[in-house]
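# Observations on the model geometry
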Amino acid sequence: MKNNYAKESPLHTLLSLGGGVNSSLYSGGSENYWLIKYGDENAYTDTGDARDIKDETFHGIAIDSDDNIYAVGTRKFRGGGSNNFGIVIVKYDKDGALQWQKSIDNTSLGNYQDIGFSITLDSSNNVYIAGTIDATQFSGTEDAYVARFDSNGTFHWDAIYYISSYASETIFRDVAVDSSGNIYLTGENGGLCQTIKIAPGSGNSAPSSSDILFKKYSYSFLSEQPYSLKFDNSGNFYVWATGSTFNSSGGSTLYKYTNSGTLSQSTKYAMPTSTAFGYNINFQYGLGSSFNSGNEKWGGSNHLAIDSSDNVYVTHVISNPYHGRYQVYLLKLNSSGTVQWQKDFYNSQNNANIWYPFLTVDSSDNLYITFSCNDSVTFGYGACHIIKINSSGTIQWHNVLHGDNDGREKHPHAIISKGDNLYIAGRTKKDHVSQSLDAFIFKIPNDGTLTDTSTGKNGSTWNTNRGYTSISGYEFKYEPYSGNEVNIGSNISSMSQDSSASFNTGNSQSHSYMANTGSITPTINLGTEVIDFN
């Protein structure tokens, strides 16, 4: 394979509510608030070309000191099979203007399954993305992947991390960089949590295998999948994982490491029994056995947040086997892992999923959680809920981003706080007859005041005609939530530390590391719509 990293000439359109081109966005005060749609809005036509793009999803976002926005995600290809994905990376300025876009995929390997899960910046605004690529010539399956670009989109280096002795999927789910430029990555391999620390390379050169400072594995369940890695205020870092056993019952695990890789704390949280749902609530959430719908749905790494007092907030999804629906749980833990308070978000009628939960905290230690509910009555099969909770667990506001009754799939995959603003990223499907998904980023103030209760926001291609039906309407509306689809309670009150848990930890030995993989980076030129929400 060969690397062909090229600067793209992006297509960028600024849209008013009625369509057409604007030279600028309306500014309400000192901030612009907007929703970006990113993707290919063309009608579905399977050309047989594996490069024909169908769906886009953003899984991770990062904000630099000038409020530029960076996002990483996935684009799914129309041709060549259902498991074909490529990594997409974009940069926007603070007003939502597209600066550059990149893609990474392995077209020479047939079913290329390349996915970007997480993105972060160092002190020089170099961009690091983590995920997985289909590098079957090395391990025989998907390998963990990390890459670095500068803030202008210039490629610096990439690397894969894999086990060459047997075919086992290796995945990086989160990436972080400390103040010295060291790179921390966590992900899964063969049912184990794998966490590595890599020293920065020389200049813009890739780190070598000798720059790996430690390689750690850990697990408490039969199979365990880490989702998030975050630093506390003393330079320690936490890894949040979920796991299952043979009978599908499971829970979650929080690992705390020093920056030298010493495991200082490990806490297991077992799934509870809840009479509100009838049976034991079992673990059933994660990548699954393939990269088909699983990576689109469960991508993103913001399941863990840490406040200024080193309190830890964690969230995930659990499933009740009685009715097969998902619910979200939220825990506040102190720095020792002891539960301070907990909440669950569920549908009392057992006919809707509450899923896609992600967290962030602001500088005042307020917590924000976003998730999706696929109730079909009020919000048309998928609304993005955004809730502000203070450090005591009191809800401050609860808003919802949704379409009209023909709308679909406003699924968040990431949330981040910066200053007085929140940024939510994910995917949207505008109506029930469309054939493709678009990625989105939504910028809002964190006080919950920006609402649009009078009219919905239309994209430029909202009118949909597939021959047998023609509909039109609005794709987005942001307003206070007043429905009864999402219930908030403490039905998962028995979820607590498992004091009898045993843990298996140590130094990983068998992994290989290879820099400069030669992954192909094709030129892409997908469209961007910026919809004014002032």
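Before going into details, it helps to say that this report is about the structure given with it. The shown structure was predicted, so the numbers you read here are calculated from the model rather than taken from an experiment.

## Points about the overall build of the chain
The number of helices and strands found in the chain is one helix and 36 strands. The 534 residues of the chain split such that 62% are buried. Across the chain, contacts joining residues at least 24 apart in sequence account for 63% of those joining residues at least 6 apart. As presented, the chain carries roughly 18100 Å² of accessible surface, and 40% of it is formed by carbon and sulfur atoms.

## With respect to the pairing of strand S12 (residues 183-189)
Across the seven residues of S12, seven count as buried, placing the element largely inside the fold. Judged by which residues are buried, S12 turns out to be covered on both faces: Ile183, Leu185, Gly187 and Asn189 on one side and Tyr184, Thr186 and Glu188 on the other are all buried. Examined bridge by bridge, strand S11 (residues 170-177) and S12 share seven bridges and lie antiparallel to one another. What sits directly across from Ile171, in S12, is Glu188. Counting the residues between successive antiparallel strands, the hairpin from S11 to S12 contains five residues, one of them, Gly181, with a positive phi of roughly 85°. As judged from the seven bridges shared by S12 and strand S13 (residues 192-198), these two strands associate in the antiparallel manner. For Thr186, the partnering residue across the bridge sits in S13 and is Thr195.

## Topic: the packing of aromatic side chains
Aromatic ring pairs: the centre-centre distance and the angle between the two ring planes describe each pair. In total, this model carries 17 aromatic pairs according to the counting rule given. Here the aromatic rings of Trp240 and Tyr269 are separated by 6.1 Å at their centres, their planes lie at 55°, and the arrangement is tilted. One end of the pair, Trp240, is in strand S16 (residues 237-244); the other, Tyr269, is in strand S18 (residues 263-270), with 29 residues separating them in the sequence. Across the pair, Tyr269 and Trp240 agree in class, each one buried. Ring plane angle 50° and centroid distance 6.3 Å describe the contact between Tyr368 and Trp397, whose orientation is recorded as tilted. Of the two residues, Tyr368 is situated in strand S24 (residues 367-373) and Trp397 in strand S26 (residues 395-402); the sequence distance between them amounts to 29 residues.

## Concerning the side chain of Asn446
Relative to the assigned elements, Asn446 resides in the loop between strand S29 (438-445) and strand S30 (464-465). For Asn446, a relative accessible area of 10% gives the class buried. Each residue touching Asn446, except ones within four places of it in the same chain, is listed here: Asp362, Tyr368, Lys388, Trp397, Gly419, Asp420, Asn421 and Leu422.

## Digging into the pairing of strand S6 (residues 98-104)
Burial analysis of S6 places six of its seven residues in the buried class, which makes it a mostly covered element. Relative to S6, strand S5 (residues 85-92) runs antiparallel, the two sharing six bridges. From the neighbouring strand, Val90 faces S6, where its bridge partner is Gln101.

## Comments concerning the sheet that holds strand S34 (residues 504-507)
Pairing is antiparallel across the open sheet formed by five strands, whose spatial order is S11-S12-S13-S14-S34. The sheet is open, and its two borders are formed by S11 and S34, each paired with just one other strand. Neighbouring strand axes in the sheet, compared pairwise and without regard to direction, differ in orientation by 20° on average.

## Remarks on the nonpolar core
Among the nonpolar cores identified, the biggest contains 44 residues, and Phe345 and Tyr478 are the most heavily contacted of them. The next biggest cluster of nonpolar side chains, apart from the first, holds 19 residues, and it includes Ile63, Ala71, Leu98 and Val530.

Rules used in this analysis
Within any chain, residue numbers begin from 1 and follow the written order of that chain's sequence. With the structure being a predicted model, the display of local features is reserved for residues of pLDDT at least 70 and the display and counting of side-chain atom pairs for 80 or more, all residues being used for whole-chain, interface and lining totals. To get the side-chain values, all heavy atoms of the structure are used, and hydrogens and water are removed first. Going along the chain from the N terminus, every DSSP run of H or I of four or more residues is numbered as a helix, and every run of E of two or more is numbered as a strand. Note on classification: 1.4 Å probe, protein chains only; a residue is buried when its accessible area is under 20% of the maximum for its type, exposed when over 50%, partly exposed between these limits. By definition in these notes, contact holds between two residues if any of their heavy atoms fall within 4.5 Å. Note that accessible areas follow from Shrake-Rupley with a 1.4 Å probe, and for residues the cover is restricted to the protein chains shown. For two strands to be treated as a pair, DSSP must find no fewer than two bridges joining them. Two rings from Phe, Tyr or Trp (for Trp, the six-membered ring) form a pair when their centres sit within 6.5 Å of each other. Planes less than 30 degrees apart are called stacked, planes more than 60 degrees apart edge-to-face, and all others tilted. Here, axes are lines fitted to C-alpha atoms. For helices the fit covers the stretch in contact, and angles between N-to-C directions go from 0 to 180 degrees. We call a set of buried Ala, Val, Leu, Ile, Met, Phe, Trp, Tyr and Cys residues a nonpolar core when their side-chain atoms join them within 4.5 Å.

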